[in-house]
Amino acid sequence: MTRGAYNTRQKRELLNFLQERSMQHFSVDEVVFELQDRGEKIGRSTVYRYLELLAEQGSVRKYQSVQGITQYQHVADASSCDDHFHMMCSRCGNLMHVDCGVMRAMTEHLMKHHGFRLDPRETILVGVCEKCRVAGGEAVEHGADCHEGCHDCL
(Lines give C-alpha, C1' and ligand atoms only; values in the text may rest on other atoms or scores of the structure.)
Protein backbone atom coordinates (compact mmCIF):
# COMPACT_ATOMS: atom_id res chain seq x y z
CA MET A 1 0.00 0.00 0.00
CA THR A 2 1.35 3.44 -0.90
CA ARG A 3 2.26 6.10 1.63
CA GLY A 4 -0.84 7.80 3.05
CA ALA A 5 -3.23 5.37 1.36
CA TYR A 6 -5.14 4.64 4.54
CA ASN A 7 -8.28 6.76 4.72
CA THR A 8 -8.70 7.24 8.44
CA ARG A 9 -11.39 9.26 10.14
CA GLN A 10 -8.72 11.78 11.18
CA LYS A 11 -7.63 12.27 7.57
CA ARG A 12 -11.24 12.68 6.44
CA GLU A 13 -11.83 15.27 9.18
CA LEU A 14 -8.67 17.14 8.24
CA LEU A 15 -9.57 17.17 4.54
CA ASN A 16 -13.15 18.27 5.34
CA PHE A 17 -11.76 21.09 7.51
CA LEU A 18 -9.51 22.31 4.67
CA GLN A 19 -12.23 22.01 2.01
CA GLU A 20 -14.68 24.00 4.15
CA ARG A 21 -12.10 26.80 4.30
CA SER A 22 -10.59 26.47 0.83
CA MET A 23 -9.49 30.09 0.46
CA GLN A 24 -7.98 30.27 3.94
CA HIS A 25 -4.50 29.30 5.03
CA PHE A 26 -3.38 27.55 8.20
CA SER A 27 -0.22 26.48 9.97
CA VAL A 28 0.05 22.93 11.31
CA ASP A 29 -0.57 24.22 14.83
CA GLU A 30 -3.67 26.15 13.76
CA VAL A 31 -5.10 23.03 12.12
CA VAL A 32 -4.38 20.93 15.21
CA PHE A 33 -6.01 23.54 17.46
CA GLU A 34 -9.10 23.85 15.25
CA LEU A 35 -9.58 20.09 14.96
CA GLN A 36 -9.01 19.49 18.66
CA ASP A 37 -11.46 22.32 19.39
CA ARG A 38 -14.02 20.32 17.36
CA GLY A 39 -13.36 17.33 19.62
CA GLU A 40 -11.07 15.47 17.20
CA LYS A 41 -8.23 13.61 18.88
CA ILE A 42 -5.40 14.25 16.45
CA GLY A 43 -1.72 14.89 16.99
CA ARG A 44 0.58 17.46 15.46
CA SER A 45 2.74 14.87 13.68
CA THR A 46 -0.34 13.27 12.06
CA VAL A 47 -1.53 16.65 10.80
CA TYR A 48 1.95 17.55 9.54
CA ARG A 49 2.45 14.26 7.69
CA TYR A 50 -0.98 14.39 6.05
CA LEU A 51 -0.63 18.06 5.02
CA GLU A 52 2.75 17.26 3.47
CA LEU A 53 1.22 14.33 1.59
CA LEU A 54 -1.65 16.51 0.34
CA ALA A 55 0.90 19.13 -0.77
CA GLU A 56 2.83 16.46 -2.71
CA GLN A 57 -0.42 15.33 -4.34
CA GLY A 58 -1.30 18.91 -5.29
CA SER A 59 -4.55 19.29 -3.35
CA VAL A 60 -2.91 21.59 -0.79
CA ARG A 61 -0.68 24.58 -1.56
CA LYS A 62 2.28 24.92 0.79
CA TYR A 63 4.12 28.22 1.18
CA GLN A 64 6.07 30.30 3.66
CA SER A 65 4.37 33.34 5.16
CA VAL A 66 6.36 36.57 5.39
CA GLN A 67 6.88 35.65 9.04
CA GLY A 68 8.57 32.39 7.96
CA ILE A 69 5.72 30.13 9.09
CA THR A 70 4.77 27.27 6.80
CA GLN A 71 1.15 27.68 5.71
CA TYR A 72 -1.20 25.29 3.93
CA GLN A 73 -4.19 26.15 1.76
CA HIS A 74 -6.61 23.74 0.10
CA VAL A 75 -6.88 24.01 -3.68
CA ALA A 76 -9.70 22.25 -5.50
CA ASP A 77 -7.68 21.81 -8.68
CA ALA A 78 -3.93 21.17 -8.55
CA SER A 79 -3.42 23.09 -11.79
CA SER A 80 -5.45 26.08 -10.59
CA CYS A 81 -2.28 27.93 -9.55
CA ASP A 82 -0.56 27.38 -12.90
CA ASP A 83 -1.94 30.45 -14.62
CA HIS A 84 -2.39 33.14 -12.01
CA PHE A 85 -0.21 34.92 -9.50
CA HIS A 86 -0.41 35.28 -5.76
CA MET A 87 -0.22 38.27 -3.47
CA MET A 88 0.57 38.02 0.23
CA CYS A 89 -0.18 40.65 2.83
CA SER A 90 2.88 41.24 4.99
CA ARG A 91 0.69 42.28 7.91
CA CYS A 92 -2.07 39.66 8.13
CA GLY A 93 -0.37 36.96 6.05
CA ASN A 94 -3.37 36.40 3.78
CA LEU A 95 -2.54 34.77 0.44
CA MET A 96 -4.72 35.96 -2.45
CA HIS A 97 -5.04 34.75 -6.02
CA VAL A 98 -4.82 37.38 -8.73
CA ASP A 99 -5.65 36.76 -12.38
CA CYS A 100 -4.99 40.12 -13.96
CA GLY A 101 -4.26 41.26 -17.49
CA VAL A 102 -1.44 43.49 -16.28
CA MET A 103 0.33 40.50 -14.74
CA ARG A 104 -0.12 38.45 -17.91
CA ALA A 105 1.31 41.35 -19.95
CA MET A 106 4.29 41.58 -17.59
CA THR A 107 4.90 37.83 -17.94
CA GLU A 108 4.79 38.11 -21.72
CA HIS A 109 7.12 41.12 -21.64
CA LEU A 110 9.66 39.28 -19.48
CA MET A 111 9.67 36.34 -21.87
CA LYS A 112 9.76 38.36 -25.10
CA HIS A 113 12.27 41.03 -24.09
CA HIS A 114 14.37 39.29 -21.45
CA GLY A 115 14.06 35.59 -22.28
CA PHE A 116 12.82 34.93 -18.76
CA ARG A 117 9.88 32.64 -18.06
CA LEU A 118 8.17 33.65 -14.83
CA ASP A 119 6.52 30.76 -12.94
CA PRO A 120 3.16 31.93 -11.52
CA ARG A 121 3.02 28.99 -9.09
CA GLU A 122 6.21 30.17 -7.43
CA THR A 123 5.69 33.92 -7.68
CA ILE A 124 4.25 35.71 -4.67
CA LEU A 125 3.99 39.49 -4.59
CA VAL A 126 4.32 40.81 -1.05
CA GLY A 127 2.67 44.03 0.10
CA VAL A 128 -0.15 45.28 2.30
CA CYS A 129 -3.75 44.37 1.49
CA GLU A 130 -6.56 46.89 1.42
CA LYS A 131 -8.14 45.71 4.67
CA CYS A 132 -4.89 46.11 6.59
CA ARG A 133 -4.24 49.53 5.03
CA VAL A 134 -7.77 50.68 5.94
CA ALA A 135 -7.40 49.25 9.45
CA GLY A 136 -4.26 51.31 9.95
CA GLY A 137 -1.89 48.40 9.67
CA GLU A 138 -3.64 46.23 12.22
CA ALA A 139 -3.71 42.55 11.33
CA VAL A 140 -7.30 41.59 10.62
CA GLU A 141 -8.97 38.30 9.75
CA HIS A 142 -10.29 38.07 6.23
CA GLY A 143 -10.49 35.72 3.31
CA ALA A 144 -10.85 35.77 -0.43
CA ASP A 145 -12.73 39.07 -0.65
CA CYS A 146 -9.61 41.27 -0.74
CA HIS A 147 -9.47 41.39 -4.53
CA GLU A 148 -13.05 42.50 -5.19
CA GLY A 149 -12.00 46.07 -5.96
CA CYS A 150 -10.05 45.20 -9.12
CA HIS A 151 -12.39 44.72 -12.07
CA ASP A 152 -9.62 43.01 -14.07
CA CYS A 153 -8.90 40.42 -11.40
CA LEU A 154 -10.68 37.30 -10.15
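Note: the structure precedes this text.
The following refers to the structure shown. (Residues numbered from 1 in each chain as written. Predicted model: local features only at pLDDT ≥ 70, side-chain atom pairs only at ≥ 80, totals over all residues. Heavy atoms only, no water.)

Within the secondary structure layout, Gln71 lies in strand β2 (residues 70-74). Note on Gln71: relative accessible area 6%, which makes it buried. Once residues within four sequence positions are removed from consideration, Gln71 is found in contact with His25, Phe26, Ser27, Glu30, Arg61, Lys62, Tyr63 and Ser65. (Helix = DSSP H or I, 4+ residues; strand = E, 2+ residues; numbered from the N terminus. Buried < 20%, exposed > 50% of the residue type's maximum accessible area, 1.4 Å probe, protein only. Contact = heavy atoms within 4.5 Å.)

Before going further, it helps to spend a moment on the packing of aromatic side chains. Counted under the stated rule, the structure contains one aromatic pair. A ring pair is formed by Phe17 and Phe26, whose centres lie 4.9 Å apart and whose planes are at 50 degrees; its orientation type is tilted. (Phe/Tyr/Trp six-rings, centres within 6.5 Å; stacked < 30°, edge-to-face > 60°.)

By size, the foremost hydrophobic cluster in this structure holds 16 residues, and its most contacted members are Leu14, Leu18, Val31, Val47 and Leu51. Those elements giving two or more residues to this core turn out to be α1 (9-20), α2 (28-37) and α3 (44-57). Counting residues per element, this core draws most heavily on α3, which supplies five residues. Filtering out sequence-adjacent residues up to four positions away, Leu14 remains in contact with Val31, Leu35, Val47, Tyr50 and Leu51. The next biggest cluster of nonpolar side chains, apart from the first, holds five residues, and it includes Phe85, Cys100, Met103 and Leu118. (Core = buried A, V, L, I, M, F, W, Y, C linked by side-chain atoms within 4.5 Å.)

Its place among the elements puts Ser65 in the loop between β1 (60-64) and β2. Classification of Ser65 by relative accessible area gives buried; the value is 7%. Setting aside residues up to four positions removed in sequence, Ser65 forms contacts with Gln71 and Met88.

Let us look at the pattern of salt bridges. Under the counting rule described, the total for this entry stands at six salt bridges. With its nearest N and O atoms 2.5 Å apart, the salt bridge here joins Glu20 to Arg38. Taken as a pair, Glu20 in helix α1 and Arg38 in the loop between α2 and α3 lie far apart in primary sequence, 18 residues in all. Judged by relative accessible area, Arg38 falls into the partly exposed class, the value being 39%. A salt bridge links Lys62 to Glu52; the nearest nitrogen and oxygen atoms lie 2.9 Å apart. With Lys62 in strand β1 and Glu52 in helix α3, the pair connects residues that are 10 residues apart, well separated along the chain. (Salt bridge = Lys/Arg side-chain N within 4 Å of Asp/Glu carboxyl O.)

All right, on to the pairing of strand β4 (residues 95-98) then. Judged by which residues are buried, β4 turns out to be covered on both faces: Leu95 and His97 on one side and Met96 and Val98 on the other are all buried. Relative to β4, strand β3 (residues 85-89) is paired through four bridges, and the arrangement is antiparallel. If you follow Met88 over to β4, its bridge partner there is Leu95. Hairpin connection of β3 to β4: five residues between the antiparallel strands, including Gly93 at a positive phi of 80 degrees. (Pairing = 2+ DSSP bridges.)

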